[in-house]
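Next come the chains, spelled out residue by residue.
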Amino acid sequence: MHELSIAHSIVEIAKQQLTSPTERVRSIRLRIGALSCVHRDSLYFSFDLITADTPLAGAKLLIDELPIVVFCPNCEALRELPGIQSFTCPACGTRTADLRQGRELDVESIEVVDEGHSVNTPTSHMVTAEARARTSP
Ligand SMILES: [Zn+2]
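Residues numbered from 1 in each chain as written. Predicted model: local features only at pLDDT ≥ 70, side-chain atom pairs only at ≥ 80, totals over all residues.

Participant: Lay out the sheet that holds strand 5 (residues 99–101) in plain terms, naming residues and giving numbers.
Facilitator: One open sheet accounts for 3 strands, arranged 4-3-5; its pairing is antiparallel. The outermost strands of the open sheet, each flanked by one partner alone, are strand 4 (77–81) and strand 5. Ignoring strand direction, the axes of neighbouring strands in this sheet form an average angle of 40°. (Pairing = 2+ DSSP bridges. Helix = DSSP H or I, 4+ residues; strand = E, 2+ residues; numbered from the N terminus. Axes fitted to C-alpha atoms, helices over the stretch in contact; angles between N-to-C directions.)

Participant: Can you lay out helix 1 (residues 2–15) for me, pointing to particular residues and giving the numbers?
Facilitator: Taking 1.5 Å as the rise per residue, helix 1 with 14 residues should run 20 Å; its terminal C-alpha atoms sit 20 Å apart, in good agreement. Within helix 1, burial applies to Ile-6, Ala-7, Ile-10, Val-11 and Ala-14. Down the axis of helix 1, the smallest arc covering the buried residues is 140°, so these residues share one side. For helix 1, the exposed residues lying more than 90 degrees away from the buried face are Ser-5 and Glu-12. Those residues of helix 1 hidden inside the fold are in contact with strand 1 (23–33), helix 2 (40–51) and strand 6 (105–114). (Expected span 1.5 Å × (residues − 1). Buried ≥ 20, exposed ≤ 12 C-beta atoms within 10 Å, placed from the backbone. Arc of directions from axis to C-beta. Contact = placed C-beta atoms within 7 Å.)

Participant: Which residues make up the pairing of strand 3 (residues 68–72), and what values do they have?
Facilitator: As paired strands, strand 3 and strand 4 are joined by 5 bridges and run antiparallel to one another. Each bridged residue has a counterpart across the sheet, and for Val-70 the counterpart in strand 4 is Arg-79. Hairpin connection of strand 3 to strand 4: 4 residues between the antiparallel strands, including Glu-76 at a positive phi of 55°. Note: strand 3 against strand 5, 2 bridges, orientation antiparallel. When the bridges of strand 5 are listed, Val-70 appears paired with Leu-99.

Participant: I'd love a proper account of the packing of helix 1 against helix 2, names of residues and values included.
Facilitator: Direction vectors running N to C along helix 1 and helix 2 enclose 55°, while the axes themselves pass 8 Å from each other. In terms of their interaxial angle, helix 1 and helix 2 are classed as oblique. Regarding helix 1 and helix 2, the two cross each other, and that crossing is right-handed. Between helix 1 and helix 2, the residues in contact are Glu-3, Leu-4, Ile-6, Ala-7, His-8, Ile-10 and Val-11 and Ser-42, Leu-43, Ser-46, Phe-47, Ile-50 and Thr-51, respectively. Here the contact of helix 1 with helix 2 is built from residues that sort into 8 nonpolar, 4 polar and 1 charged. (Parallel < 35°, antiparallel > 145°, perpendicular 65-115°, else oblique. Left-handed = near helix turned anticlockwise from the far one by under 90°. Nonpolar A, V, L, I, M, F, W, Y, C, P; charged D, E, K, R; others polar.)

Participant: So what's going on with unusual backbone geometry? Residues and values would help.
Facilitator: A positive phi angle is found at Cys-37, which is not glycine, with a value near 55°. Its place among the elements puts Cys-37 in the loop between strand 1 and helix 2. Accessibility expressed as a C-beta count within 10 Å gives 13 for Cys-37, which makes it partly exposed. At Glu-76, a residue that is not glycine, the phi angle is positive and equals roughly 55°. Counting through the fold element by element, Glu-76 comes out in the loop between strand 3 and strand 4.

Participant: An account of the environment of Leu-56 is requested, with residue identities and associated values reported.
Facilitator: Looking at the element boundaries, Leu-56 is found in the loop between helix 2 and strand 2 (60–66). When the C-alpha atoms of Leu-56 and Ile-28 are compared, they prove to be 9.6 Å apart, with 28 residues separating the residues in sequence. For Leu-56, the contacting residues outside a window of four places in its chain are Val-11, Ala-14, Val-25 and Thr-51.

Right under this line is the structure:
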């Protein structure tokens, strides 16, 4: 049910971008960190389920997955981790829990199409939503 509540948050954010009844959401780009434990298929399924018969019906979810990045105190540098199993610097082996990226769950942009002018040549514009879909636990 985790993904269902996330889908609800995304829908609420996207609805706020609609300014007229003829506007539809065509796509929503998300940034999801590897540690946020979001099951993609469940998210797609939940989103389709709750957007049926809404201006968001048929909208595509585009997911940018962000790798885990930690700060290594020994290297004094940001290091990308290959997986979530071990929080050790891949360059020097120092253990670090100084997480700098990986828990993101953000709506990056929302593409809105206005079907009021013409069905064949809809105008579209991108909305960049600064809002977070859900804050980190
Ligand atoms: Zn290191």
